[in-house]
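Each chain, letter by letter, is given below.
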Amino acid sequence: MNKISEQEFIHRVANIPLTVLRNTSLRNIFTPFSRRCQEQEFEFTIDHKLGTDFPADKRQRMREIFCPFNINKNSLLKKYKQGAVSGEQFAQQMQLLLDDLIAKYSQVLSADELNSFLGVAPNSHASFPFDPHQSD
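Here the structure is a predicted model, which means the values were calculated and not measured.

Draft legend 1. Representation of the overall build of the chain in the model. Each helix and strand in the chain was counted, giving six helices and zero strands. Seen in sequence order, the chain has helices and strands lined up from the N terminus as α-α-α-α-α-α. In the chain, once contacts between residues fewer than 6 apart in sequence are set aside, the share between residues at least 24 apart is 62%. Taken as a whole, the chain presents about 8,600 Å² of accessible surface, with 53% of it coming from carbon and sulfur.

Shown next, in the form of structure tokens:
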């Protein structure tokens, strides 16, 4: 497994905006900048936690799982910031999203890969670090 170091990961993530700008082509000019940055960070995270030689087919399946999760997470966060959902509702819904993400990744990744990537066991219940009573 050929992982990038923590220092290289931090360097790459810090340079994502510049990298995205350099790699913007007419093909993806209308894709939102923030989405392209998030996609690049996701790739660097895989390189750091699972290795640069991590299989392309598994990367693609992970992207397919992460994309709707990220959209739902951002939508929920927006609703929370706008006051459309309470802190308690936010925490409950985010917990469901995280549990679903882990369940789906558990179908793609081995137990060791899942532990390396997210620090959890397959089909486990992630602990969402959020106290809704401090935010309402």
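Draft legend 2. Region of the structure containing the layout of surface pockets. Roughly 550 Å³ of internal volume is contained in the largest pocket. R35, R36, Q38, E39 and Q40 are the residues nearest the centre of the largest pocket, which is lined by 20 residues in total. Within the residue set of the lining of the largest pocket, elements represented by two or more residues are α3 (33–49) and α4 (56–81). The element that contributes the greatest number of residues to the lining of the largest pocket is α3, accounting for eight residues. Of the residues belonging to the lining of the largest pocket, the class tally is six nonpolar, nine polar and five charged. Approximately 380 Å³ is the volume attributed to the second largest pocket.

Draft legend 3. Molecular detail of the packing of aromatic side chains. The tally for this structure, following the rule as stated, stands at five aromatic pairs. Ring geometry for F42 against F117: centres 6.1 Å apart, planes inclined by 85°, an arrangement best described as edge-to-face. Of this pair, F42 sits in helix α3 while F117 sits in helix α6 (residues 111–118), and the two are 75 residues apart along the sequence. Assigned by exposure class, F42 and F117 land together as buried. Members of the aromatic cluster, joined through ring pairs, are F42, F66, F69, Y105 and F117.

What counts, and where the lines are drawn
Residues numbered from 1 in each chain as written. Predicted model: local features only at pLDDT ≥ 70, side-chain atom pairs only at ≥ 80, totals over all residues. Heavy atoms only, no water. Helix = DSSP H or I, 4+ residues; strand = E, 2+ residues; numbered from the N terminus. Contact = heavy atoms within 4.5 Å. Areas by Shrake-Rupley, 256 points an atom, 1.4 Å probe, with all protein chains shown as cover. 1 Å grid on protein atoms, 1.4 Å probe; cavity = no way out; pocket = protein on both sides within 12 Å on 5 of 7 lines; lining within 4 Å. Points joined across faces, edges and corners; volume = space filled by probe spheres on them. Nonpolar A, V, L, I, M, F, W, Y, C, P; charged D, E, K, R; others polar. Phe/Tyr/Trp six-rings, centres within 6.5 Å; stacked < 30°, edge-to-face > 60°. Buried < 20%, exposed > 50% of the residue type's maximum accessible area, 1.4 Å probe, protein only.

Distances and angles like these do not, on their own, reveal function.
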